[in-house]
Amino acid sequence: MNTRKKNLGALLFCLPGLLILAVFVYFPLIENIIYSFQSFSLSSSSKTFVGLNNYKELFSDPVIWQSFKNNVLYAVVSVVMQVFFGLILAAILEDKVFRRSESFFQTVFFIPTLLSLTVVCLLFEFVYNPQMGLLNSFLEAIGLDSLTRIWLGNRDTAMLSIIAVSQWQSFGYVTMLFIVAIQKIPSDLYEAAIVDGAGKIRRFFTITCPMVKQMFFVTMVLTVSGAFTVFNEPYILTGGGPGTATMVLSLHMYQTGFVMNRMGYASTIAMLIFVITAVLSSVQFFSFGTGKEERE
Amino acid sequence: MKKLLVAFMVMLALAPVFAGGSSESSGNADAETQIFFFHRWPNDPKNSMFNDLLAQYMEENPDVNIEMDCILNDQYKERIRMIVSTNDVPDVFSSWSGTFAEEMIASGNVLALNDIYEADPEWSGRLASASVAGFTFDGTIYGIPWSQDGKVFFYNKTIFEELGLEVPTTWTEFIAVLDALKAAGYEIPLAEGLVDQWAVLHYLGTINQRMIDEETLAKDYDPATGEFTDPLYVTALEKWQQLTTYMGDIASAIDHETARNTMFATGESPIMYLQFAEIPMLEQVIPEDFEYGFFNFPAFEEGKGDPNALTGAPEGFMISNKAENIDACVDFLKWLVSPERGYILSTVGGDMSCVDGALDGEGIYESQKEALAMIQNASYLAAWFDNACDPSVYVVYGQGGQAIATGDATPESVMAQVQAAAASLH
Amino acid sequence: MKKDRIFSKSISGKLIFLMLILLSVIIIYPLLWILMSSFKDYMSIYQDVWGLPEVWHFENYVRAWTRGISQYFVNSVIVTIATLIGVLFIASMLAFGITQLKGRIGYVAFLLVMVCLLLSPQVCVLPLFILLRGLGLNRTYLAMILPYIAFRLPMSVMLIRSFFVSISKEMEEAAIIDGASLWQIFTKIYVPLSKPILSTVTIMTIYYAWNEFLFATILVDSSSLRTIPVGLMVFRDGLMTEWGVVMAGMVISCIPLIIVYLCMSRNFIRGLTAGAVKG
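Residues numbered from 1 in each chain as written. Chains lettered and ligands numbered in written order. Predicted model: local features only at pLDDT ≥ 70, side-chain atom pairs only at ≥ 80, totals over all residues.

## What about the overall build of chain B?
Which entries qualify depends on this criterion: Helix and strand labels come from DSSP, where a helix needs a run of H or I of at least four residues and a strand needs a run of E of at least two; each type is numbered from the N terminus. Each radius of gyration is computed over the set of C-alpha atoms, and the globule rule expresses the reference value as 2.2 Å times the number of residues to the power 0.38. To assign burial, the other C-beta atoms lying within 10 Å of each residue's own C-beta are counted, with C-beta atoms placed from the backbone; 20 or more indicates buried, 12 or fewer indicates exposed, and intermediate counts indicate partly exposed. Any two residues are considered in contact once their C-beta atoms, placed from the backbone, lie within 7 Å.
Secondary structure assignment for chain B yields 20 helices and 14 strands. The C-alpha radius of gyration computed for chain B amounts to 23 Å, which stays within 12% of the reference 22 Å derived for 426 residues, consistent with globular compactness. For chain B, the C-alpha atoms occupy an extent of roughly 70 × 55 × 50 Å along the three principal directions. Within chain B, the proportion of its 426 residues that are buried is 53%. Across chain B, every contact between residues at least 6 apart in sequence was considered, and the portion connecting residues at least 24 apart equals 79%.

Okay, structure coming up:
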């Protein structure tokens, strides 16, 4: 058959999609690279080429460093709370002991995933509110008055409080991913282990963990790159404050671009985010080959 | 899939409808005279107020259609800066007075209004002259002021009387009052919500104005020449640091509105730095026997700025000289900036109208009338900090101000950052 | 700390069960609190944090709806549906095209799509803003719809393609012998067989478009086009806020997705986990 003609037809099918990607993904990416070497504001009609100046500023900007540290903290806590804790939680829920209540807990833990981040953040404004906040009221109610804090207004607690919001929202989702992965483990593996006299903890480490290795990796990359692109939580809850205590890279980019009106430097910050997240995702992409269909 | 295809086609066909669907007013869509009106009040109550006013105007003038759009504060600033110099400049748009107005005028697209003022003295004579002055540059008037505002310390009269406290006029007196209140058991004598960066900036703007002499300040606020090397800038931030010690730890975690409603209005904190525009909101939450008065920001003994100035520039409207129907725009604005509509602004919208006679009648609070007198007695109206200087500078100031309040930065370190930010602008 | 007994002995089992319950409370309680407070007025939220509303202010919902949420809701529906249709249509065509392309070009096309997965939307947001403004789309729904479609394509194409690849070639070959065109093969064979994966993509897309915040905040210039996540912020902004009304708005904004979830929770979970499982 006429391969070339068929390819032409198939290419027509690809055209709308590739066009959209070209205009709204590839073109902006290239533009962003160019912008990162320029200096301009939204109202100025001309852009000035400034060479590597923006990149130099990137390395001397104290807010970048502060933001980066916050992103790293975000990543570390998310990995521990979501990936490790999520895996353990998934294993517990998948245990026969909890079979009857599993679907209830699954449903409940999954609910926060359904809510938009705006709703979750506004909700946590009330949780952390220093006057009538649920958290402080609760601590007082159980007699732990000494633990009450001004959660979002204090440099020591503000960032961790914001990170906690993400954990509240996302741990159920990651747990669900692990449950899906655990359910795919052939049950005869476990049966054989039981015959060998392996206890639950040993089965967890010798069967569950190795069998969900790929999912473990996937969730690591998901949470870490999520942590480096986080925007909504600090934007809504603190605006980066107090001072720059809760500043993260995306928010710094937004403020530089749209508040300070320095689009060139903001694009340079975007490049930093791009490099970090692209490296992370390509690790996943190339180690596990997205194109391989190992399932179904 | 066919259904999907059909649906998709329908969507594509509808796309232009979506595109045009942004108009808020549907009144006289095909009227001959079209006006595009752009302002910065998308929030209620003002948004509904504008919708109602426009509907009323279009009903009275069926040959005119006003298309209105509005976005919030910072976004508005950014967008109007962007489009004022292009052909997309709105026919009628809102603007702050002072530096911001100058920026608008520099685009060359703002209509000079002297003729219009002179042609109708009965109307223009009613506009507060101090407010008109904010839109007048070298004798040319470029705007029609419609609201005036001022930021002053509101105080709880009952508590002041109980403790026998006098209204302070100097910084030393002010600090003495705050100490006395603290000693009397008011743990947080000064209420504020520092989560809102603008609340920090309102303070810092006034402190700078009082502290630094006018010429130096003007030079430093200009992005082209700003240096911020005067040692008094550090002194100014030290005053801020001193003030924050009276705001309690809680201040850094609540917003301005919360502080007003739950601390000042309840008598927990006897003093708060508020805008006159907040009077109606305050009135809604205070108990009936709550009595308050206000005093201007006290003078610094070492300050070089004018202590009788009042922070709070008037706002108004500008007309584009590219507008197709300038006469219609003028007619609309004269209708809007009138005692009747000024009264609606002052009662429904909460801001105080610039029009003489608008602040009479029922529904106008006594305190609004006092406020008016205070605005008229001020030596001049100083611009809000975030209108007066470049965002790269005031963002650093705002963040630094917060950090000083939480004890994470010193006045010196913040000024070093401000200087660096100002230097990067030239 | 974790010994084998924990699971087998009933006391430790109960302990874990208790912890699970505690975790559930941490999740459910704030949500119930929002629901409860959405019926209160401003002062009773502040003064009585825990109590049930003394007076049930059902009018909070009416006010939230009439004071903007209705507009935001309609905007969200329009943007979500348009994005969904666009994604389903364009992604399935693209996936089909890629499976039909023979030789290296098919691989290149696939790679071009997949590489986009590496890109976070943050990186493109500034140029997108400038681009959309340049195209004059910044005051239209398309300012959200087009970027949404673009950024949902890679994942959707990946999922649909891998499903297409698994479809047996027999029917297709028979159709070719009958002289069917590519379009007919696509619409008569591939699409009807792919309902499971298309429903997965549907849920992913609805979820994304309904909750998206970054693009909706930055790319759209007109206040009348705000979607719910951004519109809720408007309620909070400014000097005057009525918290009961804000919370009523929050509840309203959650309802559609919760309904979809309750109706088809299994599909829903599959939809939201598919991307990660495949990736």
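And the narrative resumes.
## Some points on the overall build of chain C
Looking only at helices and strands, chain C features 14 helices and zero strands. Moving toward the C terminus, one meets the helices and strands of chain C in the order α-α-α-α-α-α-α-α-α-α-α-α-α-α. Computed over C-alpha atoms, the radius of gyration of chain C comes to 24 Å, more than 25% over the 19 Å expected from 2.2 N^0.38 for 279 residues, which places it beyond the range of a compact globule. In terms of overall dimensions, chain C has C-alpha extents of about 75 × 65 × 35 Å along its principal axes. Taken across its 279 residues, chain C has 49% of its residues classed as buried. Look at the contacts in chain C between residues 6 or more apart in sequence, and 77% of them connect residues 24 or more apart.

## Topic: the sheet that holds strand β3 (residues 92–96) of chain B
Residues and elements named next belong to chain B. The criterion, for reference: When DSSP finds two or more bridges between a pair of strands, those strands are recorded as paired. The axes are straight lines fitted to the C-alpha atoms, using for helices just the contacting stretch, and the angles between their N-to-C directions are given from 0 to 180°.
Pairing is mixed in the open sheet, where six strands are placed in the order β2-β1-β3-β12-β6-β13. Every other strand in the sheet has two partners, leaving β2 (64–70) and β13 (352–353) as the edge strands with one partner each. Strand direction decides the pairing type here: strand β6 (residues 144–148) and β13, joined by two bridges, are antiparallel. Bridging across to β13, S147 finds its partner in S353. Helix-sheet contacts for helix α15 (residues 326–336) involve β1 (33–39), β2, β3, β6 and β12 (315–319), and the interaxial angle to β12 is about 165°.

## Focus on the domain arrangement of chain B
Residues and elements named next belong to chain B. The cut-off we apply is this: By convention here, the domain bounds are inherited from an automatic or database domain assignment. Just so you know the grouping, Ala, Val, Leu, Ile, Met, Phe, Trp, Tyr, Cys and Pro go in nonpolar, Asp, Glu, Lys and Arg go in charged, and all remaining residues, Gly too, go in polar.
Domain parsing of chain B yields domain 1 (23–142 + 315–353) and domain 2 (151–311 + 385–423). On a C-alpha basis, the centroid separation for the pair domain 1 and domain 2 is 31 Å. Across the boundary between the two partners, domain 1 contributes seven residues, which contact six residues of domain 2. In the side of domain 1 that touches domain 2, the residues fall into three nonpolar, three polar and one charged.

## Details of the interface of chain A and chain C
Contact with chain A, which involves 77 residues of that partner, is made by 78 residues of chain C. No other element matches the 21 residues that helix α1 (residues 3–35) of chain A contributes to the side of chain A that touches chain C. A breakdown of the residues in the side of chain A that touches chain C according to their chemical character gives 48 nonpolar, 23 polar and six charged.

## Digging into the pairing of strand β10 (residues 292–295) of chain B
Residue and element names in this part refer to chain B. The two faces of β10 differ: Y292 and F294 on one face are buried, but G293 and F295 on the other face are not. One ladder, built from four bridges, connects strand β7 (residues 151–156) with β10; its direction is antiparallel. The residue bridging F154 from the neighbouring strand is F294, located in β10.

## Side note on the confidence of the model for chain C
Detailed reading of the predicted coordinates is not advisable wherever pLDDT is low. Residue and element names in this part refer to chain C. Using the following cut-off: A score from 0 to 100, pLDDT tells how confident the predictor is in each residue.
Residues at a pLDDT of 70 or more form 93% of chain C, whose mean pLDDT is 85. The least confident element of chain C is helix α1 (residues 5–8), whose mean pLDDT is 45; the most confident is helix α7 (residues 142–166), at 93. Contacts from residues 1–8, a stretch scored under 50 in pLDDT, to residues over four places away or in other chains number 14 contacts. Scored by ipTM, the complex comes to 0.87, with pTM at 0.87.

## Points about the domain arrangement of chain C
On domain assignment, one finds that chain C holds domain 1 (5–37) and domain 2 (60–278). Centre-to-centre separation of domain 1 of chain C and domain 2 of chain C, based on C-alpha positions: 34 Å.

## Considerations on the pairing of β1 of chain B
All names here are of chain B. Here is the rule: Throughout, right-handed denotes a crossover for which the path from the first strand over the helix to the second runs clockwise when the strands point away from the viewer.
Counting buried residues in β1 gives five out of seven residues, a clear majority hidden from the surface. Bridge analysis of β1 against β2 gives seven bridges, and the strand direction is parallel. In the sheet register, I35 faces β2, and the bridge partner there is I66. After leaving β1, the chain enters helix α2 (residues 46–60) and then returns to the sheet as β2, a path that is right-handed. Direction of pairing for β1 relative to β3: parallel, over a ladder of two bridges. Its bridge partner lying in β3, F37 is registered against V92.

## Examining unusual backbone geometry
Residues and elements named next belong to chain A. The amide bond that connects G241 to the next residue, P242, takes the cis arrangement and shows omega of -5°. Relative to the helices and strands, P242 is located in the loop between α11 (232–237) and α12 (249–259). Here N261, not a glycine, exhibits a phi torsion of approximately 60°, which is positive. Position of N261 relative to the elements: it lies in the loop between α12 and α13 (263–288). The exposure class of N261 is buried, given the 20 C-beta atoms found within 10 Å.

## Notes on helix α9 (residues 182–193) of chain C
All names here are of chain C. Applicable threshold: An expected span of 1.5 Å times one less than the residue number is assigned to each helix. The arc in question is formed by the directions pointing from the helix axis toward the C-beta atoms.
For α9, built from 12 residues, the straight-helix expectation of 16 Å at 1.5 Å per residue is met to within 8% by its first-to-last C-alpha distance of 16 Å. For α9, the complete set of buried residues consists of F186, Y190 and V191. The buried residues of α9 occupy an angular sector of 90° when projected down its axis, which confines them to one face. As for α9, its buried residues are in contact with α4 (59–100) and α7.

## Examining the environment of Y207 of chain C
Residues and elements named next belong to chain C. By the element assignment, Y207 lies in helix α10 (residues 195–211). Each C-alpha atom of the pair Y207 and L219 lies 19 Å from the other, and the pair is 12 residues apart in sequence. With sequence-adjacent residues up to four places away left out, Y207 is seen in contact with L257 and L272.

## Some words on the confidence of the model for chain B
Residues and elements named next belong to chain B. For chain B, per-residue confidence averages 87 on the pLDDT scale, and 93% of positions sit at 70 or higher. Throughout residues 1–5 the model reports pLDDT below 50, and contacts reaching past four residues in sequence, or to other chains, amount to five contacts. Low pLDDT, under 50, characterises residues 11–26; the predicted model gives this stretch 24 contacts beyond four residues in sequence or across chains.

## Comments concerning the packing of α7 of chain C against α10 of chain C
Residue and element names in this part refer to chain C. Which entries qualify depends on this criterion: Any angle that is under 35 degrees is reported as roughly parallel, and any over 145 degrees as roughly antiparallel; angles of 65 to 115 degrees are reported as roughly perpendicular and all others as oblique. Here a crossing is taken to be left-handed if its near helix is turned anticlockwise relative to the far helix by less than a right angle, and right-handed if that turn runs clockwise.
Relative to each other, α7 and α10 sit at 160°, their axes nearing to 10 Å. Taken together, the axis directions place α7 and α10 in an arrangement best described as roughly antiparallel. Where α7 crosses over α10, the two elements pack in a sense that is right-handed. Residues Y148, R152, S156, L159, I160 and F163 of α7 form the contact with α10, whose own contacting residues are I197, T200, V201, T205, Y208 and A209. Broken down by class, the residue content of the contact of α7 with α10 amounts to eight nonpolar, three polar and one charged.

## Let's talk about the sheet that holds β10 of chain B
Residues and elements named next belong to chain B. In spatial order, the strands read β8-β9-β7-β10; together these four strands make up an open sheet with mixed pairing. Edge positions in the sheet fall to β8 (190–191) and β10, since each of these pairs with one other strand and no more. Bridge count for β7 against strand β9 (residues 271–275) is five bridges, and the pairing is antiparallel. The residue of β9 that forms the bridge with F153 is Y273.

## A few points about the environment of A133 of chain B
Residue and element names in this part refer to chain B. Within the element layout of this structure, A133 appears in helix α7 (residues 129–133). Using a count of 16 C-beta atoms within 10 Å as the deciding quantity, one classes A133 as partly exposed. Measuring from C-alpha to C-alpha, the distance between A133 and P145 comes to 9.2 Å, with 12 residues separating the pair along the chain.

## Let's talk about the environment of A270 of chain A
Relative to the elements of secondary structure, A270 of chain A occurs in helix α13. Its 29 C-beta neighbours within 10 Å are what place A270 of chain A among the buried residues. Along the backbone, A270 of chain A and M220 of chain A are 50 residues apart, and their C-alpha atoms lie at a distance of 22 Å. Not counting residues within four places of it along the chain, the set of residues in contact with A270 of chain A comprises N32 and M253 of chain A together with Q122, V123 and L126 of chain C.

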